[in-house]
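# Architecture and fold: a report
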Amino acid sequence: MRVVICGAGQVGFGIAERLAGEQNDVSIIDSDARRIQTVTEQLDVRGVVGWGSHPDILARAGIEQADMLIAVTLHDEVNMVACQVGHALFNVPTKVARIRAQTYLQPEWRDLLSRDHLPIDVVISPEIEVGEMVLRRLSLPGAIDTVTFADGAIVVVGVVCGEDCPIVNTPLNQLTQLFPDVQATIVALGRRGRTLVPRSTDQIETGDVAYFVAKADQVQRALALFGHDEVPGQRIVVAGGGNIGFYVASELERRNPAARIKVIEHNKDRAQTIAELLSRTVVLNGDALERTILDEAGVGEADTMIALTNDDRINILSCLLSKQIGAKRILALLNEQGYAAFARGLGIDAHVNPRQITVSKVLQHVRRGRIRGVHALLDGTGEMIEAEALETSPLVGKSLKDLDLLDGLRIGAIVRNGQVMQPRGDFVVRAHDRVVLFALADRIKRVEQLFRVALEFF
């Protein structure tokens, strides 16, 4: 696949890294020459210095032969114009744009992004995607990562297996016998820096990060198997009243009438603005690193403290200070991958990485075949994928135990006619089943092949 990426920031670099690593032909554009130099030195990509909205710059990047244009610069308007130019002048088949300003996405203005006006095929709103991830973490406080598939019927959850985890040192093939009422499939393990696809005879070890797949109504019971039966909190403090913080607070007001929410915002004008827009939330103007402000916000009695400012260091420090004061649980927004790697060691219960969430959203549309959903796990070493099995798929018509195609993959659940089913050795996949599986990064191409339409189908 030939892909042109506009924007060489964290998200653009992350997308280029993934696509180039999968032997795609990638060009990346940025107005900052130093960023382009960094990208081309580290990745096998073509770099072009300039504005991605300019036709001549797009042409130099090879847009005429591109299958996809991905515009993720820091400027919404540049991203939108790049897609317009890619469509009008170069007839690019698929155009993806990151749009952060919520006014463009309001229902009364959505027609602006239609094919007749600004022909953008996929709109990515990081604020909404990250906000939804934060809200899922709040609803499942024992999880360090959550994502939904099959229109919300299936949930994938990541948990840390501590010393009090009841199923440590238990072979996975015995879990069904020991806990027949809980339908959950463990699909991936993070162990001492490695990512493993567990076999049925493998055991969970203390310190593992385990990812399991379960029906939405089974998640709480499955979490209890891992020693995580925490109850969602009602007293919530949010540090940072930007787009993400405001979205989280406003959605909590709408979805959880019992929640008591306080927001700390450093900018006085912004604090006043969101205070007027929120109805039940207390907004405090101040620094989230000041003890007096944290005390005024009641952090010591908070069930959860969420740090969502634009500064990773403030998020980390305010979380740790809140934990010291008495907050039961802390969650931080972390943009830098390096910070995320040691956040858990510092005592941060969970973190959200906007780059990973945005990259996952883009990959959903990059993946070939009938791919319905993608979410990168364990620092991008693997992906959860939801795909539709077609008549020509090698999966169809054979029992799972008879397939030799699944090395490096593990199926977590199958949805058939709206019913969620657990995979067993004798399970036979049918055409149009929706399969939710985990795949190591070097097996992604194999997954695409499994769910593509063969030429003889036509």
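Placed above this text is the structure.
To keep things clear, this report deals only with the structure shown in the data block. Computed from a predicted model, the values in this text were never measured in an experiment. (Residues numbered from 1 in each chain as written. Predicted model: local features only at pLDDT ≥ 70, side-chain atom pairs only at ≥ 80, totals over all residues. Heavy atoms only, no water.)

## Overview of the pairing of strand 7 (residues 145–149)
- Of all 5 residues making up strand 7, 4 are buried, and the element is well covered by its neighbours.
- As defined by bridge partners, strand 7 adjoins strand 8 (residues 154–160) across 5 bridges and the pair is classed as antiparallel. Each bridged residue has a counterpart across the sheet, and for Thr148 the counterpart in strand 8 is Val155.
- Hairpin connection of strand 7 to strand 8: 4 residues between the antiparallel strands, including Ala150 at a positive phi of 55°. (Buried < 20%, exposed > 50% of the residue type's maximum accessible area, 1.4 Å probe, protein only. Helix = DSSP H or I, 4+ residues; strand = E, 2+ residues; numbered from the N terminus. Pairing = 2+ DSSP bridges.)

## Here we look at the sheet that holds strand 4 (residues 68–71)
- Strands sit in the order 3-2-1-4-5-6 across an open sheet of 6 strands; the sheet is parallel. Two strands lie at the open edges of the sheet, namely strand 3 (46–49) and strand 6 (122–124), each paired on one side alone. Strand-to-strand twist across the sheet, computed as the mean angle between neighbouring axes with direction ignored, equals 15°.
- Of the strand pairs in this sheet, strand 1 (residues 2–6) and strand 4 are connected by 4 bridges, and their pairing is parallel. Bridging across to strand 4, Val3 finds its partner in Met68.
- Docked against the sheet, helix 1 (residues 10–21) engages strand 1, strand 2 (25–30), strand 4 and strand 5 (94–98), running at close to 165° with respect to strand 2. (Axes fitted to C-alpha atoms, helices over the stretch in contact; angles between N-to-C directions. Contact = heavy atoms within 4.5 Å.)

## Thoughts on the pattern of salt bridges
- Scanning the entire structure with this criterion turns up 26 salt bridges.
- Among the ionic pairs, Asp145 bridges to Arg137, the shortest N-O distance being 3.0 Å.
- Notably, a salt bridge pairs Arg192 with Glu205, separated by 3.2 Å at the nearest N-O pair. Here the residue Arg192 occupies a position in the loop between strand 9 (184–191) and strand 10 (194–196), and Glu205 occupies one in the loop between strand 10 and strand 11 (209–215), the gap between them amounting to 13 residues. (Salt bridge = Lys/Arg side-chain N within 4 Å of Asp/Glu carboxyl O.)

## A look at the side chain of Ser318
- Topologically, Ser318 is positioned in helix 11 (residues 312–325).
- There is a polar contact of 2.8 Å between the side chain of Ser318 and the backbone oxygen of Ile314.
- The contact partners of Ser318, leaving out residues within four places of it in the chain, are Ala288, Leu289, Met305 and Ala307. (Polar contact = N/O pair within 3.5 Å; in protein donor to acceptor, adjacent residues only side chain to side chain.)

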